[in-house]
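Geometric and topological summary
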Amino acid sequence: MRVCFDSLAGGANPNEDWVAGSPDLAVVLDGLSTAGLSTGCRHGVPWFVAHLGGHLMAALAEPATTLPDGLATALERVAALHPECDLVDPGTPSATVAVLRQRHEVLEYLVLADSPVVFEGAKGDHTVITDLRVDDVLPELRAEVERHETHTPGHREALQRLVLAQRRVRNTPDGYWVAGANLQAAQHGLTGSVMRRDVRSAAVMSDGVSRLVTEYGMATWDEVFTALRAEGPRGLIETVRKTEATDPTGRRWPRYKSGDDATVAYCQW
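Report on the accompanying structure. This one's a predicted model, so the numbers in the text were calculated from it and none came from an experiment. (Residues numbered from 1 in each chain as written. Predicted model: local features only at pLDDT ≥ 70, side-chain atom pairs only at ≥ 80, totals over all residues. Heavy atoms only, no water.)

Some words on the overall build of the chain
A count of helices and strands for the chain gives 6 helices and 10 strands. Across its three principal directions, the C-alpha atoms of the chain cover 50 × 45 × 30 Å. Going through the 269 residues of the chain one by one, you find that 52% of them count as buried. Within the chain, residue pairs in contact and separated by at least 24 positions form 70% of the contacts whose partners lie at least 6 positions apart. A total accessible area of about 11,800 Å² is found for the chain, and carbon and sulfur atoms account for 51% of it. Both charge centroids of the chain, one from 26 positive and one from 36 negative side chains, sit 2 Å from each other. (Helix = DSSP H or I, 4+ residues; strand = E, 2+ residues; numbered from the N terminus. Buried < 20%, exposed > 50% of the residue type's maximum accessible area, 1.4 Å probe, protein only. Contact = heavy atoms within 4.5 Å. Areas by Shrake-Rupley, 256 points an atom, 1.4 Å probe, with all protein chains shown as cover. Lys, Arg positive; Asp, Glu negative; His and termini not counted. Charge placed at Lys NZ, Arg CZ, Asp CG, Glu CD.)

So, helix H3 (residues 139-146)
Those residues of H3 not exposed but buried are Arg142, Glu144 and Val145. Down the axis of H3, the smallest arc covering the buried residues is 155°, so these residues share one side. Of the surrounding secondary structure, the elements contacted by the buried residues of H3 are helix H4 (153-169). (Arc of directions from axis to C-beta.)

Focus: the pattern of salt bridges
Enumeration over the complete set of coordinates arrives at 15 salt bridges. Here Arg200 ties to Glu120 by a salt bridge, and the two come within 3.8 Å at their closest N and O atoms. Here the residue Arg200 occupies a position in strand E9 (residues 199-205), and Glu120 occupies one in strand E6 (residues 117-121), the gap between them amounting to 80 residues. Using a relative accessible area of 46% as the deciding quantity, one classes Arg200 as partly exposed. With a relative accessible area of 2%, Glu120 lands in the buried category. What emerges from the salt-bridge pattern is a single network uniting Asp207, Arg211, Lys257 and Asp260. (Salt bridge = Lys/Arg side-chain N within 4 Å of Asp/Glu carboxyl O.)

Things to note about unusual backbone geometry
With phi around 60°, His104 is a residue other than glycine that occupies positive phi space. By the secondary structure assignment, His104 is in the loop between strand E4 (95-103) and strand E5 (106-112). One non-glycine residue with positive phi stands out, namely His151, at about 70°. Following the sequence through the fold, His151 ends up in the loop between H3 and H4.

Remarks on the nonpolar core
Within the largest apolar cluster, 28 residues are counted, with the highest numbers of intra-cluster contacts made by Leu29, Leu52, Leu56, Leu71, Val97 and Val99. Those elements that provide at least two residues to this core are strand E2 (17-22), strand E3 (25-31), helix H1 (45-60), helix H2 (67-81), E4 and E5. Those residues within four positions of Leu56 in sequence are excluded, and the remaining contacts are Val27, Leu29, Gly70, Leu71, Ala74, Val97 and Val99. If you look at the next biggest cluster of nonpolar residues, it comprises 20 residues, including Met205, Val209, Tyr216 and Val240. (Core = buried A, V, L, I, M, F, W, Y, C linked by side-chain atoms within 4.5 Å.)

Side note on the side chain of Thr96
Checked against the element boundaries, Thr96 lands in strand E4. For Thr96, a relative accessible area of 4% gives the class buried. Sequence-distant contacts of Thr96, that is, excluding residues within four places in its chain, are made with Val28, Leu29, Asp30, Leu32, Leu112, Ala113, Asp114 and Ser115.

Description of the pairing of E2
Pairing between E2 and E3: 6 bridges, direction antiparallel. When the sheet's bridge partners are listed, Gly21 is paired in E3 with Ala26. A loop of 2 residues connects E2 with E3, the two strands running antiparallel in sequence. (Pairing = 2+ DSSP bridges.)

Function-wise, these values are silent; they only describe arrangement.
Structure below.
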């Protein structure tokens, strides 16, 4: 498996995405926005995703380790690195997880929250693996955020109300699951496998890239994979940025940020 990847921050703040690849593994993490609210952790989201990503790559390098068990191990190891922080704070740093691993002629995947793994089939079809449970949570508050243009006081206040409410149902049966301090979250991802012979290529990405298709409607998955073959991950990310630049305040496409961190790992055989 050949993996090439790139990541670009959505603005002036540090990039809260993380990506890595090896001949057998591709991992993308997307740190959850804090909306300027306290997390109970002095390290911050970029620190969390960097350490979680490194430990996840190490745990999953052992082929006998299942993807959920590897994620649980990585979460446990990261929690042990900052025991002085308040890890039971509902806003403790967390991230979405998207993993693709090759074991012989089988491709295994794990998706926790809305960073998808997308397979390009050998016949040109596309299969999207994504976990959208968060979209079913607090639709009224989500709609309130979307009524405001980005970079306005009303937008910031509505976003903070949404994030505070999301934290109360995060990693609970009544809400949605993300990778944080709660090791149980590792068992709630979407997992499965496909045969390598049925796949032409695959993309593991954060929603900062997938929204070009799913939210903006400015490309098809076929066009995304054509761009990846021709221009690589950076070219695709730049297409996302050019699209967002036509709507900087979110009038056409209401969203939480003018530009989100964008990351993609492109896997070929």
